[in-house]
Amino acid sequence: MTTAQSPRTRPGQEAAAFVQHWYDILSSHEPVEDLLPFVIDDGLEMVFPERTLRGHADFREWYAAVGESFGPQSHIVEKLRTDEHEGHVDIEVTVVWTAKNLPDGNVSALRIDQTWQLVRDPADGSLRIRTYRVGDLNPA
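Residues numbered from 1 in each chain as written. Predicted model: local features only at pLDDT ≥ 70, side-chain atom pairs only at ≥ 80, totals over all residues. Heavy atoms only, no water.

Asks: Before we move on, could you go through the packing of aromatic side chains and cite the residues and values that matter?
Replies: What the rule picks out here adds up to 14 aromatic pairs. Seen from their ring centres, phenylalanine 18 and tryptophan 116 are 6.5 Å apart, and the 80° between their planes marks the pair as edge-to-face. Of this pair, phenylalanine 18 sits in helix H1 (residues 13–27) while tryptophan 116 sits in strand S5 (residues 107–120), placing them 98 residues apart in sequence. Comparing phenylalanine 18 with tryptophan 116, the two get one shared label, buried. Here the aromatic residues Phe18, Trp22, Tyr23, Phe38, Phe48, Phe59, Trp62, Tyr63, Trp116 and Tyr132 are joined through ring pairs into a cluster of three or more. (Phe/Tyr/Trp six-rings, centres within 6.5 Å; stacked < 30°, edge-to-face > 60°. Helix = DSSP H or I, 4+ residues; strand = E, 2+ residues; numbered from the N terminus. Buried < 20%, exposed > 50% of the residue type's maximum accessible area, 1.4 Å probe, protein only.)

Take a look at the structure:
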């Protein structure tokens, strides 16, 4: 997990590293315990086409369902824009997601636009996801 921004970190660099690390752990399908520190529990809003998640319990259920539905997958960041201000970071990201659908064996590739808002954990200053909205899903 990243900690508070150091004086030598360029604006946006910490957020970009956070985004890449998030997608890396999703791609390798790490245990849910490795992902929970990246999202706040109280006040979380993760909007996916199939469901809106409002906390760690929802995230655990969603992540288990995704793991049962999709096998090998990758997330390639295609575009990233960050805007840091007043204690939070707004992010616009386009990611190419490729995954094998386990029930039928088909492989899908989608270009997905997302908007996020990151906040700092008051305890240690590390970034956490507060809002995460999945937008348009287009064939890649």
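Asks: Any chance you could break down helix H3 (residues 56–69) for me, citing the residues and the numbers?
Replies: Across its 14 residues, H3 extends 20 Å between first and last C-alpha, which sits within 8% of the 20 Å expected from 1.5 Å per residue. The set of residues buried in H3 consists of Phe59, Trp62, Tyr63 and Val66. Down the axis of H3, the buried side of the element spans an arc of 100°, and every buried residue falls inside it. Opposite the packed face of H3, turned more than 90 degrees from it, sit the exposed residues Ala57 and Glu68. Contacts made by the buried residues of H3 are with H1, helix H2 (32–35), strand S1 (45–48), strand S2 (51–53) and strand S3 (70–85). (Expected span 1.5 Å × (residues − 1). Arc of directions from axis to C-beta. Contact = heavy atoms within 4.5 Å.)

Asks: A description of the pairing of S5 should follow, citing residues and the corresponding values.
Replies: Across 13 bridges, the pairing between strand S4 (residues 88–101) and S5 is antiparallel. Across the sheet, isoleucine 91 pairs through a bridge with tryptophan 116, a residue of S5. Connecting S4 to the next strand, S5, in antiparallel fashion are five residues, including glycine 105 with a positive phi near 80°. Bridge analysis of S5 against strand S6 (residues 127–139) gives ten bridges, and the strand direction is antiparallel. Within S6, the residue paired with arginine 120 across the bridge is leucine 127. Remark: six residues form the turn of the hairpin made by S5 and S6, two consecutive strands paired antiparallel; glycine 125 in that turn has positive phi of roughly 80°. (Pairing = 2+ DSSP bridges.)

Asks: Describe the side chain of threonine 94, and please don't skip the residues or the numbers.
Replies: Mapped onto the elements of the fold, threonine 94 is located in strand S4. A polar contact is formed between the side chain of threonine 94 and the side chain of aspartate 113, at a distance of 2.7 Å. If we skip the residues at most four places from it in the chain, threonine 94 touches Ile76, Val77, Glu78, Lys79, Arg111, Ile112 and Asp113. (Polar contact = N/O pair within 3.5 Å; in protein donor to acceptor, adjacent residues only side chain to side chain.)

Asks: Quick rundown of the sheet that holds S3? Include the residues and the values.
Replies: Within a beta sheet, neighbouring strands are joined by backbone hydrogen bonds and run either parallel or antiparallel to one another. Ordered in space as S2-S1-S6-S5-S4-S3, the six strands form an open sheet in which the pairing is mixed. Strand pairing shows two members of the sheet lacking a second neighbour, S2 and S3, which therefore form its edges. The sheet shows a mean angle of 20° between the axes of neighbouring strands, taken without regard to direction. Of the pairings in the sheet, the one linking S1 to S6 comprises three bridges and is parallel in character. Residue pairing for S6: methionine 46 is matched across the bridge by tyrosine 132. Relative to the sheet, H1 contacts S1, S3, S4, S5 and S6, its axis offset from that of S3 by approximately 170°. Its contacts with the sheet put H3 on S1, S2, S3 and S4, and the angle it makes with S2 is roughly 135°. (Axes fitted to C-alpha atoms, helices over the stretch in contact; angles between N-to-C directions.)

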